[in-house]
Amino acid sequence: MVDVRLNATINGRKVSRDAKPHLRLLDFLRDDLNLTGNKEGCGAGECGTCSVFVDGVLMKSCLMPVAKAQGAQIDTIESLAKSGELSVLQKAFHKAGASQCGYCIPGMVMAATAALRANPFADREEIKERLGGNICRCTGYQKIFDAVELARDVQNGRVPATALLETDTADGEVIGKNVRRIDAPSKVSGRLKYAGDMTMPGMLHVQVLRSPHAHARIVSIDTSAALAIAGVESVITSADVPGKDGFGVFVHDQPIMARGKVRYVGEAIAAVAAEDALTAKRAVAAIKVVYEQLAPVFDPDEAMLQGAPVVHDYAPDNITKHIPIRVGDVEAGFAESDLVIEESYSTQAIEHAYLEPEAGLAYVDHDDVVTVVSPSQNITHHRHMLARIIDKPISKVRFIMSPVGGGFGGKEDMIYQGMLALLAMKAMRPVRLVYTREESIISTAKRHPSRTTLRMGVMRDGRIKALAMRMVCDGGAYGLSTEGVMRKAAILAAGPYNIPNVRIDTYGIYTNNTPSGAFRSFGALQTQFATESQLDIIAERLGLDPFEIRRINAMRDGATTHTKQTLGSVSLMRALDAAEQASGWEAGAPTVRGGTRGDLGHDDVRPSVTLGTRFAATGTQEAAE
Amino acid sequence: MLICDEYLTPASLDEAFAAMERHRGRYRVVAGCTDTLPWAREGRAGDVEIPVLIDVTKIPELNERQIGDKRVRLGAATPIQRFLDDAALGRAMPAMPRCAVWFADDQIRAQATLGGNVVNASPAADATPCLEAHDAIVELASAKGSRSMPLREFITGPGKTQLAEDELVTGFECDALAGFGGSFEKVGHRRSLVISVVCLAVMVKLDRDGRTIEDTRLAIAGIRPVPRRLREIEDHLRGKRLTGELLEEAADMPLDLVQSRSRQEYRRDVVRGFLVRGLIAAAKRAGASPDALTQELEAAYG
Ligand SMILES: Cc1cc2nc3c(=O)[nH]c(=O)nc-3n(C[C@H](O)[C@H](O)[C@H](O)COP(=O)(O)OP(=O)(O)OC[C@H]3O[C@@H](n4cnc5c(N)ncnc54)[C@H](O)[C@@H]3O)c2cc1C
């Protein structure tokens, strides 16, 4: 390898160093210079967490070989608050509550800085366009745009700098007040360390061998060639698990690494700890696995048929969980209804796409405490499971929760922490694993794909008499949160509506697909998508306003739910009123709208596909023509 | 992950050709790297080990820009962002700034090059239909000499070009179309960082009164293996009076443009809408008489 001798000015300081020729500028900044403020969210230019200035121009440092920075002036997020004083934009992000998980925020602050440099008077539309290369998954962007507008106005002297300060709170009074988040300065400055930003002396880098097959028996695993590579410290497989292998939120059906067979594409089979990530990658490529293919099953309805391939021996019918709910007599309810409608609905798998890919660091401390640092959404549960898996008393297992760069349920599962613990124990050195975006997508849980049949009986006046729903969800290869998701899906399936007769069945099914797990709303989305869609269809058939049919059936204070819970207060009516108002709703049955809808085309409704406000703003191109 | 043993940044064409000769069979040319780095990832090429990367962005010839009355010459390493920063270039290639604003995002287009976009030859590339509308000629050079050919011959299919192993694209020669109004219509799943489902470059030149179409250029991409110039529509429009009916007539010409494997019906609808919308926008920027096109037409296609 011929190193690149890089001479550059980085955050105002001259740097002259050798760098490996394959490094990207991002690697050089983060790994060689320990400037971890800018992040790696995707490695493919899609997310903007790595945005840095190169000679004053904002660029994505994950798409830039380090040699391109020769002679350049590089400014990272760390340059903006070098003296310790946050920039106006950073203060505005703090004030506006623009940072939530914070992982996108360094890049977002950089993009906002670039936007206001390009046009100090940019309006909100132009700000949106100029920030188009940076993705956020928490905020829905509005607070970010608020922050940029606030900073713009402070910079232009249109509002006083005091607008950046906390204004609303009297001493100690915070409830109901607009307070600034105390963790925001660490996020807007890039100083907060996520797991992938942390290092320890002597730390090894971990890479994982993953299954290319959906369902196969593992005949043999030969790690000798991997271990023979210089720089490789340890290799682990399921054979290295000292205790009782198996984790999961409800059933402990998932081994730390595939044991005996693989059940989905992307399942971990072995892991390597080496001096650097490249060596670990090469070692992973040198591991030889012999598989014997098994018939896979990818469709949950097929998995429920007699004779379907069995994913887990303990569940020969492939049912992870069935949740039934019975209230009243649905058949009688349908019989007395004026109108009975049956429809089918399906929803797809959805990736959480938190900006922070999974990462973790583990070590065995001086008192033999196995310690795992990771953005786990469930450390206490993980700690108990891991203690059993590595056969240690709970006092010798410690989980430290690092800042979670977005979770949305996707970081509830102990997908990789077990491998880290085992490698730290085997190597007796700190180990760190940082997922790539692709790895995160291929191996971690998704929202349950669902198929629902829903039958609803209603009276002409809109009152719902009966609801019968059957939902089959693809739970994928392992149980994870499936049981809880099926339960919540069933509990909330009939919505916040008074329905005297209810029959609900939700099924979570094992298949050889990527496991499904927790995801915001936890099953409610799938069933309520069906129920709410059906209400719109019924409103249309009955000539009712969709808001009206919901009000007619709405639970009120003191109502009893389908699972016999008494509700003290129900805010549904207020929520409906607010939604109706805010949406500029045009009252009436769905059938009254058409080419003449009155609730579209207002000033505050943007045209769907436009870009280029900057032309209007600067006028340069127009003038040129 | 793209792994190399050596990263070379030649400062001249001769140096580049010498490096290509020295490392024959072991190198890959890169420019902005915005196609190459994402390509070398899991799910696509995976980890790729290429002994030598040769970065051509520091070669002076590849960064040239000459604007004449008839032709514009642009070096292959021209970053897409230049079409937004350089007003004279925007005047000579009036659809290009509109294309650039839709291209990736504000950051990637500072790195992404015109040459990379053409050599990568994606059916959804955004700059290629613009170049096609300018009758671009691709200039190629190797240690042995140079040659050139029209863009439409150079790109032979998805990801396929006539580039020879030892060759570089040095630049593009394009028609200078100052005085035309330009527009670029694009749709994908979102606005930034999006692969075109359909994209269309339109340029229109009107007479002094802004009532008659003197000349027009249209090229479309995203819906077929390679970009396609829409000469039939150009011929239909040229010399005619600018009216809404004329534009709709042009959009309804039975050209059977959509050859995509997916979402054909959707794309056909989009193509029709884009043709009218693009022509309206380009005509307005070309100084269309205010009464030539009705408000209703604009609202319907806005
Ligand atoms: C997030 C993201 C969004 C994107 N959005 C868009 C978009 O909206 N529209 C669009 O069209 N594209 C888009 N792209 C694709 C890409 O940015 C463009 O195709 C870009 O123009 C490629 O240029 P480059 O210089 O970066 O290519 P490189 O990756 O450097 O090279 C691409 C190919 O061209 C070859 N090559 C480059 N220059 C030469 C030369 N002078 N001579 C010979 N061969 C050469 C290389 O060997 C390589 O095979 C996007 C990419 C990313 C990552």
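Some details on the pairing of strand S8 (residues 232-236) of chain A
Residue and element names in this part refer to chain A.
- In terms of residue burial, S8 counts as a mostly covered element, since four of its five residues are buried.
- Strand direction decides the pairing type here: S8 and strand S10 (residues 268-274), joined by four bridges, are antiparallel. By the bridge assignment for S10, serine 234 is matched with alanine 273.

Focus on the side chain of histidine 215 of chain A
All names here are of chain A.
- Here histidine 215 lies in the loop between strand S6 (204-210) and strand S7 (216-222).
- Side-chain polar atoms of histidine 215 contact the side chain of lysine 261, separated by 2.7 Å.
- Setting aside its immediate chain neighbours within four residues, histidine 215 contacts Lys261, Val262, Gln293, Leu294, Ala295, Pro296, Val310, Val311 and Asn512.

Things to note about the interface of chain A and chain B
- Listed per partner, the contact involves 49 residues of chain A and 45 residues of chain B.
- The junction of chain A with chain B conceals about 4,100 Å² of combined surface from both sides, 53% of it contributed by carbon and sulfur atoms.
- Scanning the region where chain A abuts chain B turns up eight salt bridges.
- Note that arginine 191 of chain B and glutamate 129 of chain A form a salt bridge whose closest N and O atoms lie 4.0 Å from each other.
- Put simply, chain A and chain B have 17 residue pairs in polar contact (both at pLDDT 80 or more) between them.
- Looking at the side of chain A that touches chain B, the elements with two or more residues in it are strand S4 (57-60), helix H4 (124-130), helix H8 (277-286), helix H13 (437-443), helix H18 (613-618) and helix H19 (620-624) of chain A.
- Tallied by class, residues from the side of chain A that touches chain B come to 20 nonpolar, eleven polar and 18 charged.

Things to note about the domain arrangement of chain A
All names here are of chain A.
- You can read the domains of chain A as domain 1 (4-77) and domain 2 (88-168 + 179-190).
- With centres defined by C-alpha atoms, the gap from domain 1 to domain 2 works out at 23 Å.
- Domain 1 puts 17 residues into the contact, and the matching count from domain 2 is 17 residues.
- At the boundary of domain 1 with domain 2, total buried surface from both sides reaches about 1,200 Å², with 63% on carbon and sulfur atoms.
- Sorting the residues of domain 1 by area buried against domain 2 places Lys39, Phe53 and Ile77 first, and these three jointly supply 44% of that buried surface.
- Applying the counting rule to domain 1 against domain 2 returns zero salt bridges.
- Along the contact surface separating domain 1 from domain 2 lie four residue pairs in polar contact (both at pLDDT 80 or more).
- When residues of the side of domain 1 that touches domain 2 are traced back to their parent elements, those giving at least two are strand S3 (51-54) and S4.

Overview of the site of the ligand
All names here are of chain B.
- Lining the immediate surroundings of the ligand are 34 residues, of which Val29, Gly32, Thr34, Asp35 and Thr113 lie closest.
- At 2.7 Å, a backbone N or O of cysteine 33 approaches an oxygen atom of the ligand.
- In this structure, lysine 186 approaches the ligand through a side-chain N or O atom, which is 2.9 Å from an oxygen atom.
- The protein chains hide 92% of the 990 Å² of surface that the ligand would expose on its own.
- Elements that contribute at least two residues to the shell around the ligand include exactly strand S3 (27-30), helix H2 (36-39), helix H7 (114-120) and strand S12 (168-175).
- Looking at side-chain class alone, the shell around the ligand contains 22 nonpolar, seven polar and five charged residues.

Section: the packing of helix H3 (residues 105-118) of chain A against helix H5 (residues 142-155) of chain A
Residue and element names in this part refer to chain A.
- Between H3 and H5, the least distance of the axes is 11 Å, while the angle of their chain directions is 40°. It follows that H3 is oblique to H5 by the angle criterion. Considering only the axes of H3 and H5, their crossing is right-handed. Contacts between H3 and H5 involve Ile105, Met108, Ala112 and Leu116 from the former and Ile144, Val148, Ala151, Arg152 and Gln155 from the latter.

Examining the nonpolar core
- In terms of nonpolar packing, the biggest core is built from 80 residues, with Met93, Leu114, Leu131 and Phe172 of chain B touching the most fellow members.
- Ignoring sequence-local partners within four residues, the contact set of methionine 93 of chain B consists of Val72, Leu74, Phe83, Leu131, His134 and Cys174 of chain B.
- If you look at the next biggest cluster of nonpolar residues, it comprises 45 residues, including Tyr103, Met108, Ala147 and Phe519 of chain A.

Topic: the sheet that holds strand S9 (residues 261-262) of chain A
- Taking strand neighbours across the sheet as the criterion, the three strands line up as S9-S7-S11 (chain A) in an open arrangement whose pairing is antiparallel. A strand with exactly one partner marks an edge of an open sheet, and here the two such strands are S9 and strand S11 (288-293) of chain A.

Notes on helix H11 (residues 244-251) of chain B
Residues and elements named next belong to chain B.
- Within H11, burial applies to Gly244, Leu246, Leu247, Ala250 and Ala251. End-on view of H11: buried residues confined to an arc of 165°, all on one side of the axis.
- On the buried face of H11, the contacting elements are strand S15 (213-221), helix H10 (231-237), helix H12 (264-285) and helix H13 (295-301).

Points about the environment of leucine 275 of chain B
All names here are of chain B.
- Topologically, leucine 275 is positioned in helix H12.
- For the pair leucine 275 and glycine 157, spaced 118 residues apart in sequence, the C-alpha to C-alpha distance is 24 Å.
- When residues no more than four places from it in sequence are discounted, the contact partners of leucine 275 are Leu200, Leu218, Leu230, Ile233 and Ala251.

Side note on the pattern of salt bridges
- This structure, assessed with the given rule, holds 73 salt bridges over all chains.
- As a salt-bridge pair, aspartate 153 of chain A and arginine 158 of chain A come within 3.5 Å of each other at their nearest N and O atoms.
- Residue classification places aspartate 153 of chain A among the buried positions, given a relative accessible area of 15%.
- The closest approach of N and O atoms between arginine 71 of chain B and glutamate 173 of chain B, which form a salt bridge, is 2.8 Å.

So, the domain arrangement of chain B
Residues and elements named next belong to chain B.
- When cut into domains, chain B gives domain 1 (2-55), domain 2 (60-175) and domain 3 (181-301).
- Spacing between the C-alpha centres of domain 2 and domain 3 amounts to 22 Å.
- Counting from both sides, the interface comprises 25 residues of domain 2 and, opposite them, 26 residues of domain 3.
- When domain 2 packs against domain 3, close to 2,100 Å² is buried across both sides, 63% of that on carbon and sulfur atoms.

A look at the packing of aromatic side chains
Residues and elements named next belong to chain A.
- Evaluation of the coordinates by the stated rule reveals seven aromatic pairs over all chains.
- Considering the side-chain rings of tyrosine 103 and tyrosine 194, the 4.9 Å spacing of their centres and the 80° angle between planes classify their relative orientation as edge-to-face. Of this pair, tyrosine 103 sits in the loop between helix H2 (88-96) and H3 while tyrosine 194 sits in the loop between helix H6 (184-188) and S6, and the two are 91 residues apart along the sequence.
- Seen in terms of ring centroids, tyrosine 416 and tyrosine 435 are 5.4 Å apart; in terms of plane orientation they differ by 55°. Their pairing is tilted. Residue tyrosine 416 is found in the loop between strand S16 (397-401) and helix H12 (417-427), and its partner tyrosine 435 is found in the loop between strand S17 (431-434) and H13; the two are separated by 19 residues along the sequence.
- Residue classification places tyrosine 416 among the buried residues on the basis of a relative accessible area of 2%.
- Residue placement shows arginine 210 over the ring face of tyrosine 435; its charged tip is 5.2 Å from the ring centre.

About the cut-offs
Position numbers for residues start from 1 in each chain and track the written sequence from start to end. For naming, the first written chain is A and the first written ligand is 1, with later ones following in the order written. Owing to the predicted nature of the model, reporting of local features is limited to residues with pLDDT of at least 70; listing and counting of side-chain atom pairs is limited to 80 or more, with chain, interface and lining totals taken over all residues. Excluding hydrogens and water, the side-chain figures rest on all heavy atoms present in the structure. Categorising residues by exposure relies on relative accessible area from a 1.4 Å probe, with only protein chains included: less than 20% of the type maximum marks a residue as buried, more than 50% marks it as exposed, and the intermediate range marks it as partly exposed. Secondary structure counts use DSSP, requiring at least four H or I residues in a row for a helix and at least two E residues in a row for a strand, with both numbered from the N terminus. Here the rule is simple: two strands pair whenever DSSP picks up at least two bridges between them. Pairing of N or O atoms within 3.5 Å defines a polar contact, subject to two protein rules: one partner must be a possible hydrogen donor and the other a possible acceptor, and residues neighboring in sequence count only if both atoms are side-chain atoms. Note on contacts: a residue pair qualifies if any of its non-hydrogen atoms lie within 4.5 Å across the two residues. Two parts lose some accessible area (1.4 Å probe) when they are put together, and adding that loss for both gives the buried area. What counts as a salt bridge is simple: a side-chain nitrogen of Lys or Arg found within 4 Å of a carboxyl oxygen of Asp or Glu. Just so you know the grouping, Ala, Val, Leu, Ile, Met, Phe, Trp, Tyr, Cys and Pro go in nonpolar, Asp, Glu, Lys and Arg go in charged, and all remaining residues, Gly too, go in polar. Where each domain starts and ends follows an automatic or database-derived domain assignment. Here, proximity means that at least one heavy atom of the residue falls within 4 Å of the molecule or strand. Surface exposure here means Shrake-Rupley accessible area, sampled with a 1.4 Å probe, where a residue is shielded only by the protein chains that are shown. Only the stretch in contact is used when a helix axis is fitted, and all axes are lines through C-alpha atoms; the angle between N-to-C directions ranges over 0 to 180 degrees. Relative orientations are named as follows: roughly parallel for angles under 35 degrees, roughly antiparallel for angles over 145 degrees, roughly perpendicular for angles from 65 to 115 degrees, and oblique for any other angle. In this scheme, a crossing is called left-handed if the near helix is turned counterclockwise away from the far one by less than a right angle; it is called right-handed if the turn is clockwise. Here the nonpolar core consists of buried residues drawn from Ala, Val, Leu, Ile, Met, Phe, Trp, Tyr and Cys, with membership extended through side-chain atoms lying within 4.5 Å. Taking the helix axis as origin, the arc is that swept by the directions to the C-beta atoms. Aromatic rings from Phe, Tyr and Trp, with only the six-membered ring used for Trp, were paired whenever their centres fell within 6.5 Å, and each pair was classed as stacked if the ring planes differed by under 30 degrees, edge-to-face if by over 60, and tilted otherwise. Throughout this description, the term charge over a ring refers to an Arg CZ or Lys NZ atom that lies within 6 Å of the ring centre and within 35 degrees of the ring normal.

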